[in-house]
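# Close look at the chain arrangement
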Amino acid sequence: MKALDELTFDNRFARLGDAFSTHVLPEPLDEPRLVVVSNAAMALLDLDPAAAETPVFAELFGGHKLWAQAQPRAMVYSGHQFGGYSPQLGDGRGLLLGEVYNEAGEHWDLHLKGAGLTPYSRMGDGRAVLRSSIREFLACEALHALGIPSSRALCVIGSDTPVWREKQERGAMVLRLAHSHVRFGHFEYFYYTKKPEQHKELAEHVLSLHYPECMEQPEPYLAMFREIVERNAEMIAKWQAYGFCHGVMNTDNMSILGITFDFGPFAFLDDFDAHFICNHSDHEGRYSFSNQVPIGQWNLSALAQALTPFISVDALKEALGLYLPLYQAHYLDLMRRRLGLTTAEDDDQKLVEQLLKLMQNSGVDYTLFFRRLGDESAALAVTRLRDDFVDLAGFDAWAEQYKARVERDGECSEAQRRERMHAVNPLYILRNYLAQNAIAAAESGDYSEVRRLHEVLSKPFEEQLGMEQYAQRPPDWGKHLEISCSS
Ligand code: AMP
Ligand code: MG
């Protein structure tokens, strides 16, 4: 266990120099205070959880103090936003404070979001509000607990600093952790600005630090791109299997590590809806729930374009071709497990599709359906779940097929089935209305609800005593909440 002042820094990205990032000091928040901390994330830095309660913690992560070894930098990048190229983006309100390595030798970027103006702030104020900081914190840690690759979050620091959005709000900072903050957009920036030397330096940096195993391959950059394709296919398969809608899949929000990154108006599905659009400024549904799959490929193509100086076009195309089949394999594997199946049959894809269509037409709760399906034997579960469906004949036909399929899958006791299915079907997910309740309390100065919700979501597969209210469908007011895009 380390004390706060014992963190060890090794600022590898900062050392790349001024072509890649700019030195900027954080702008402190007024009256910084701890809103919520993740003990699991503290452990990644070997930090003693008690350290979060000390005043210096809020001062460090509220922009008042800095470690002597920290080198705060705003990174430059660009990216495709809603399909159009934006040539100049960058950390407009976040700073890479430095890279810390833990006792296991892992490097973690400390990224402070909401830290004030930078050369890339454009029209923005460099700030983040409490509401969006809480949402990002909860999402990072909840996704991780679900087994979905994600950036992590250490803490949220609240303040009295006024920040103007649609109305006056309070500024906050979220401390984000990731092994790297390099985005697809970093590569696009150096490609489109025609800076071949820096572009190569960036590629070498990412390859040697984050894909060292690819350096052994005959074509290291191609091996790295393939790995990025594979990781994205797997990450997006998990989003789709668990009903996560990212909302702003611009290439500047796509991590080079294949982790969920840069949260905007994200949502987990309540009722299953393939066409769900969580970002209400996304008028065309470019980033709707089901479009996430082809957009994943589109984004990888944009990255491939930026890698053409290092990899032949034919090889890039071939690697891109891996995306869909890999996505489908991961998705189907996870959905089979969600249905309690341990073997594979050709018609399983159809079984999943038919179920989703029925759920879509009846507005069935996506999370609770699968959880309840595992509560008891297949025959009993489908009888109980039948009431949730409008098309009863359709559901009965599906249920007959499902029961037969479960039988062919092999014998297992009800207890085994429950254990197996509950291990992949969460009881608790970050429903928008739950986040909303926690945010409303936090905005009036009560952080207990954010902390409790974070705690519950850190064990999403385990039934927790007295926490039934977190495993319910949303009340009427909490359905289809419009989450503000301004953050
Ligand atoms: P996003 O859509 O949130 O990923 O942000 C797109 C770009 O806008 C990034 O370069 C951000 O750093 C920048 N940005 C977003 N909000 C602000 C803000 N309040 N102040 C300055 N820059 C911002
Ligand atoms: Mg972003």
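Structure shown above.
Residues numbered from 1 in each chain as written. Chains lettered and ligands numbered in written order. Predicted model: local features only at pLDDT ≥ 70, side-chain atom pairs only at ≥ 80, totals over all residues. Heavy atoms only, no water.

### Quick word on the overall build of the chain
On a plain count of helices and strands, the chain comes out with 16 helices and 12 strands. Referenced to the eigenvectors of the C-alpha coordinate spread, the extents of the chain come out at roughly 65 × 55 × 45 Å. Expressed as a percentage of its 487 residues, the buried residues of the chain come to 57%. Taking as baseline every contact in the chain between residues at least 6 positions apart, the subset at least 24 positions apart corresponds to 72%. Just so you have it, the chain exposes about 19700 Å², and 51% of that area is on carbon and sulfur atoms. Positive and negative charge centroids in the chain, built from 47 and 69 side chains respectively, lie 2 Å apart. (Helix = DSSP H or I, 4+ residues; strand = E, 2+ residues; numbered from the N terminus. Buried < 20%, exposed > 50% of the residue type's maximum accessible area, 1.4 Å probe, protein only. Contact = heavy atoms within 4.5 Å. Areas by Shrake-Rupley, 256 points an atom, 1.4 Å probe, with all protein chains shown as cover. Lys, Arg positive; Asp, Glu negative; His and termini not counted. Charge placed at Lys NZ, Arg CZ, Asp CG, Glu CD.)

### So, the side chain of S159
Turning to its location among the elements, S159 is positioned in strand 9 (residues 152-164). The buried category is assigned to S159, whose relative accessible area is 3%. Residues within four places of S159 in sequence aside, it is in contact with L29, D30, E31, R33, R170 and G171.

### Brief notes about the pairing of strand 5 (residues 84-90)
As paired strands, strand 4 (residues 73-81) and strand 5 are joined by five bridges and run antiparallel to one another. From the neighbouring strand, Q81 faces strand 5, where its bridge partner is G84. (Pairing = 2+ DSSP bridges.)

### Brief notes about the coordination of the magnesium ion (ligand 2)
Only N253 (OD1) and D262 (OD) from the protein reach the magnesium ion (ligand 2) as donors, at distances of 1.9 to 2.2 Å. Since its relative accessible area comes to 12%, D262 is described here as buried. (Donors = N, O, S within 2.8 Å, 3.2 Å for Na, K, Ca; no water.)

### Some words on the state of the cysteines
Across all of its chains, the model carries zero disulfides by this definition. Unpaired in terms of disulfides, C485 finds its nearest cysteine sulfur in C278, a separation of 8.5 Å. (Disulfide = S-S within 2.5 Å.)

### Points about the site of ligand 1
Around ligand 1 lies a shell of 17 residues, among which G90, G92, D125, G126 and N253 are the nearest. G90 has a polar backbone atom sitting 2.6 Å from an oxygen atom of ligand 1. Side-chain polar atom of R93 to a nitrogen atom of ligand 1: 3.2 Å apart, as the coordinates give it. Protein chains bury 78% of the 490 Å² of accessible surface belonging to ligand 1 in isolation. Taken together, the residues that form the shell around ligand 1 break down as two nonpolar, seven polar and eight charged. (Near = heavy atom within 4 Å. Polar contact = N/O pair within 3.5 Å; in protein donor to acceptor, adjacent residues only side chain to side chain. Nonpolar A, V, L, I, M, F, W, Y, C, P; charged D, E, K, R; others polar.)

### Describing the packing of helix 12 (residues 378-385) against helix 13 (residues 392-409)
At a closest axis distance of 10 Å, the pairing of helix 12 and helix 13 adopts a crossing angle of 165 degrees. When the interaxial angle is binned, helix 12 and helix 13 end up roughly antiparallel. The element helix 12 and its partner helix 13 pack so that their crossing is right-handed. Side by side, helix 12 and helix 13 meet where A378, A379 and V382 of the first sit next to F395, W398, A399, Y402, K403 and V406 of the second. Here the contact of helix 12 with helix 13 is composed, by residue class, of eight nonpolar, no polar and one charged. (Axes fitted to C-alpha atoms, helices over the stretch in contact; angles between N-to-C directions. Parallel < 35°, antiparallel > 145°, perpendicular 65-115°, else oblique. Left-handed = near helix turned anticlockwise from the far one by under 90°.)

### Examining the packing of aromatic side chains
Counted by the stated rule, this structure contains 26 aromatic pairs. Ring plane angle 85 degrees and centroid distance 5.5 Å describe the contact between Y366 and F370, whose orientation is recorded as edge-to-face. Taken together, the positions of Y366 and F370, both in helix 11 (residues 366-373) and four residues apart, correspond to about one turn of that helix. Both residues of the pair, Y366 and F370, count as buried. Seen from their ring centres, F389 and F395 are 4.3 Å apart, and the 20 degrees between their planes marks the pair as stacked. A relative accessible area of 5% means that F389 is categorised as buried. Judged by relative accessible area, F395 falls into the buried class, the value being 0%. Grouping aromatic residues by their ring pairs yields a cluster made of F272, F289, Y366, F369, F370, F389, F395, W398 and Y402. (Phe/Tyr/Trp six-rings, centres within 6.5 Å; stacked < 30°, edge-to-face > 60°.)

### Here's the deal with helix 14 (residues 414-422)
Those residues of helix 14 lying buried are R417, M421 and H422. All buried residues of helix 14 project into a common sector of 115 degrees when viewed along the axis, lining one side. Those residues of helix 14 hidden inside the fold are in contact with helix 9 (323-338), helix 11, helix 12 and helix 13. (Arc of directions from axis to C-beta.)

### Quick notes on the packing of helix 3 (residues 130-146) against helix 16 (residues 448-457)
Relative orientation of the contacting elements helix 3 and helix 16 amounts to 20 degrees, with a least axis distance of 9 Å. Comparing their axes, helix 16 and helix 3 come out roughly parallel. The two elements helix 3 and helix 16 meet at a crossing, and its hand is right-handed. Here helix 3 contributes I134, F137, L138, E141, A142 and A145 to the contact with helix 16, which in turn contributes V450, L453, H454 and L457. The class makeup of the residues in the contact of helix 3 with helix 16 is eight nonpolar, one polar and one charged.

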